[in-house]
Amino acid sequence: EASECVEIRKILGKILFVHQRLTEYSNAEIGFDRFLEKIKYYYPSMKNARKVTRGELEVIADQQKALGGVKSIEEFNTFHRRFAAISEWLISNHRLSEREAILIFLRGLGDSICTSVSLQLDMMDNARRVLEPERDEYDRNDTMLDVVKAARSVFTSPNLVVRTIA
C-alpha cells in the first residue's frame, strides 16, 4: 500500500505539471477542476475500471452510433480513447475477448465507416499475404491494433470513400 501511495503522488505530480503548462486551464481552482474532469473522462482510473463491464463498453459504442457514427479523425480519436480505456482493462483481465471488443468497436463507428474499415482490413490482409505467401488464406486474425490502423488510414486517406448502407 505504501508503494501505491508513492505511485499516486507521482501521478498527481505529473498531472499538476501538465496543468501548469496548459493556458486553457490556468484560471486557478476552476481551471484545475475542469482539467481533472477531462483527465477522468478520457482516462478512467483503475479503481473505476474495475467496476466496468462489457455493457458499459456497448453503451459507449451505441451512443457513438446514435450520433451517426464517427465522422472525422478527431471524433475517431476521442471515441477510441474512451473505448480503449475500458476495453484494454476488460481484455487484460479476461472479461472480454479481443474479438468481442473489435465487434463492439466497429459497431460504434457507424455502418458506412465500418464498411470502409472492413475494406481497408481486406487490403491490409492481401498485402500481408503477398509478403507471407505461406499464410493460409483463411488465417486472418485481425487485432484491435489492425482495426485502429485501418480506421486511421480510412480517415487520413485523401480518397476517402464512405459507402452508405441502405
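Let me begin by describing the structure that accompanies this report. These numbers come from a predicted model, not from an experiment.

1. With respect to the packing of helix α4 (residues 54-66) against helix α5 (residues 73-92)
- Relative to each other, α4 and α5 sit at 170°, their axes nearing to 10 Å. By the criterion of interaxial angle, the relationship of α4 to α5 is roughly antiparallel. Of the residues in α5, those in contact with Arg-54, Leu-57, Ile-60, Ala-61, Gln-63 and Gln-64 of α4 are Glu-75, Phe-79, Arg-82, Phe-83, Ile-86, Ser-87 and Leu-90.
- Among the residues forming the contact of α4 with α5, the class breakdown is 7 nonpolar, 3 polar and 3 charged.

2. Thoughts on the pattern of salt bridges
- Throughout the structure, instances matching the rule amount to 4 salt bridges.
- Between Arg-54 and Glu-58 there is a salt bridge, with its nearest N and O atoms 2.9 Å apart. In this pair, Arg-54 and Glu-58 are both assigned in helix α4, 4 residues apart and thus about one turn of the helix distant.
- In this structure, Asp-111 and Lys-65 form a salt bridge, with 3.6 Å as the shortest nitrogen-oxygen distance. Of this pair, Asp-111 sits in helix α7 (residues 111-131) while Lys-65 sits in helix α4, and the two are 46 residues apart along the sequence.
- Taking relative accessible area as the criterion, Asp-111 reaches 41% and is therefore assigned partly exposed.
- For Lys-65, a relative accessible area of 35% gives the class partly exposed.
- The network of salt bridges with common partners includes Arg-54, Glu-58 and Glu-100.

3. Notes on unusual backbone geometry
- Phi is positive for His-94, close to 60°, though the residue is something other than glycine.
- Within the secondary structure, His-94 sits in the loop between α5 and α6 (98-109).
- Residue His-94 is classed as exposed on the basis of its relative accessible area, which comes to 74%.

Rules of the game
Residues numbered from 1 in each chain as written. Predicted model: local features only at pLDDT ≥ 70, side-chain atom pairs only at ≥ 80, totals over all residues. Heavy atoms only, no water. Axes fitted to C-alpha atoms, helices over the stretch in contact; angles between N-to-C directions. Helix = DSSP H or I, 4+ residues; strand = E, 2+ residues; numbered from the N terminus. Parallel < 35°, antiparallel > 145°, perpendicular 65-115°, else oblique. Contact = heavy atoms within 4.5 Å. Nonpolar A, V, L, I, M, F, W, Y, C, P; charged D, E, K, R; others polar. Salt bridge = Lys/Arg side-chain N within 4 Å of Asp/Glu carboxyl O. Buried < 20%, exposed > 50% of the residue type's maximum accessible area, 1.4 Å probe, protein only.

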